[in-house]
Each structure stands twice: as C-alpha cells, then as structure tokens.
Amino acid sequence: GNDIGTCQFKSKDFTHWTYVGAFHSNGGGMWECPDFFNIPGTSSYLLKASVSSKDWWALGDYHENTEEPLRADSFVPRSGDILEGGQLYDYGQFYASKAFYDPKGKRQILIGWVSYHCAGTDWSGVQTFPRTVELDPSGLSIVTNPIKEIE
C-alpha cells in the first residue's frame, strides 16, 4: 500500500524472509491481492493488482536481480501499466482474483471473487467460474475463457 505497489520478500530456505523493496509500482494507492506469473508457453509475465474494486493487469518482462540478491527484482510493462488503458480482467463485479498453474493442462487458471449478498443469509460473495489466462495473438493483451471442464 501507500503507493509502493507490490512489495517483494526473498528467502533462501522458505522459512526466513527478508523485505528487499518494491517489485513494481505505478502509484494509485493500495494494491491488494497482487498476483504474478508467466503466461504458459510464452516469455510474457502478467502482474495483477486489485485496486478500487477492480482487478488490473499488465503484461511485461521479468528481470531477476542475480547480482544483488538482497535487492528487488523488477517487472517492466509492455502492454501499458496497472491502472492504465482499461486493462481489467473483467468489467463487472470481479475482485481479489488469484491464478494458479495447472501442470497437467499446462495452463494458468484464474478464479475471482464477486461481491454478492443473498437476502436472508449471513454471507456475502461468490467465486467465479474458473477461467484460463492466455496471451492474445498481438502479444499485448490477454484472453480469458471458462475452463473446458465446466462445459
């Protein structure tokens, strides 16, 4: 938060972690639920931040800082940055999404949260249908589609 963007921590043993700085920032207040992954079968990386009730994404290049391991790595956008150009996963109720890699299908799968309240209940919100995240032919945008298993 506080205009830092995404913070990065590093560890050699996955037990002790050290804050090494901001991984990427483009202002805009607190970034919640950040996500970062490689688009399978490509050299493109996707950075996502949940900001102001929307999930924004940017495509770009990942640069690991191998010379100074206690310094942050970096992400350089190629598609436009977080909070720019209307680069949203979804234009409806869709927030706090997370993606995971499916090794069997060699694909990224995305699930989001929809703010919804059903009268007479004490819960609020539902998960979206899982969808794949792929690079579009231009290489500067993404395509999301429901996973084939729900057809």
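Preceding block: the structure.
Procedures and definitions
- Residues numbered from 1 in each chain as written.
- Predicted model: local features only at pLDDT ≥ 70, side-chain atom pairs only at ≥ 80, totals over all residues.
- Heavy atoms only, no water.
- Pairing = 2+ DSSP bridges.
- Helix = DSSP H or I, 4+ residues; strand = E, 2+ residues; numbered from the N terminus.
- Patch = residues over 30% accessible without salt bridge, like charges linked within 9 Å, V, L, I, M, F, W, Y side chains within 5 Å.
- Areas by Shrake-Rupley, 256 points an atom, 1.4 Å probe, with all protein chains shown as cover.
- Salt bridge = Lys/Arg side-chain N within 4 Å of Asp/Glu carboxyl O.
- Buried < 20%, exposed > 50% of the residue type's maximum accessible area, 1.4 Å probe, protein only.
- Axes fitted to C-alpha atoms, helices over the stretch in contact; angles between N-to-C directions.
- Contact = heavy atoms within 4.5 Å.

Our focus in this paragraph is the pairing of strand 8 (residues 107–117). With six bridges joining them, strand 7 (residues 95–102) and strand 8 adopt antiparallel strand pairing. Paired with A99 across the two strands is L110, which belongs to strand 8. Two successive antiparallel strands, strand 7 and strand 8, enclose a turn made up of four residues, where K106 displays a positive phi of approximately 50°. Of the strand pairs in this sheet, strand 8 and strand 10 (residues 131–135) are connected by three bridges, and their pairing is antiparallel. In the strand pairing of strand 10, L110 is matched with R131. Relative to strand 9 (residues 124–127), strand 8 runs antiparallel, the two sharing three bridges. Note that in strand 9 the partner of W113 across the bridge is Q127. Between the antiparallel neighbours strand 8 and strand 9 lie six residues, among them G120 with a positive phi of about 85°.

This next bit is on the environment of S44. Within the secondary structure, S44 is located in the loop between strand 3 (32–38) and strand 4 (45–51). Sequence separation between S44 and L140 is 96 residues; the distance between their C-alpha atoms is 9.2 Å.

A contiguous nonpolar patch, built from F9, F14, W17 and Y19 and spanning about 510 Å² of accessible area, is present on the exposed surface. Tracing the backbone shows Y19 in strand 2 (residues 18–24). Looking at Y19, the relative accessible area reads 42%, which means it is partly exposed.

On to the sheet that holds strand 4, then. One open sheet accounts for four strands, arranged 3-4-5-6; its pairing is antiparallel. Edge positions in the sheet fall to strand 3 and strand 6 (74–77), since each has one partner strand and no second. Averaged over all adjacent pairs, the angle separating strand axes in this sheet is 35°, with direction ignored. Summarising the sheet, strand 3 and strand 4 pair through five bridges and their orientation is antiparallel. Looking across to strand 4, one finds that E32 is bridged to S50.

What follows deals with the environment of C7. Considering the arrangement of structural elements, one finds C7 in strand 1 (residues 6–10). Its relative accessible area of 41% is what places C7 among the partly exposed residues. In this structure, C7 is in contact with Y19, G21, A22 and F23, ignoring residues within four places of it in sequence.

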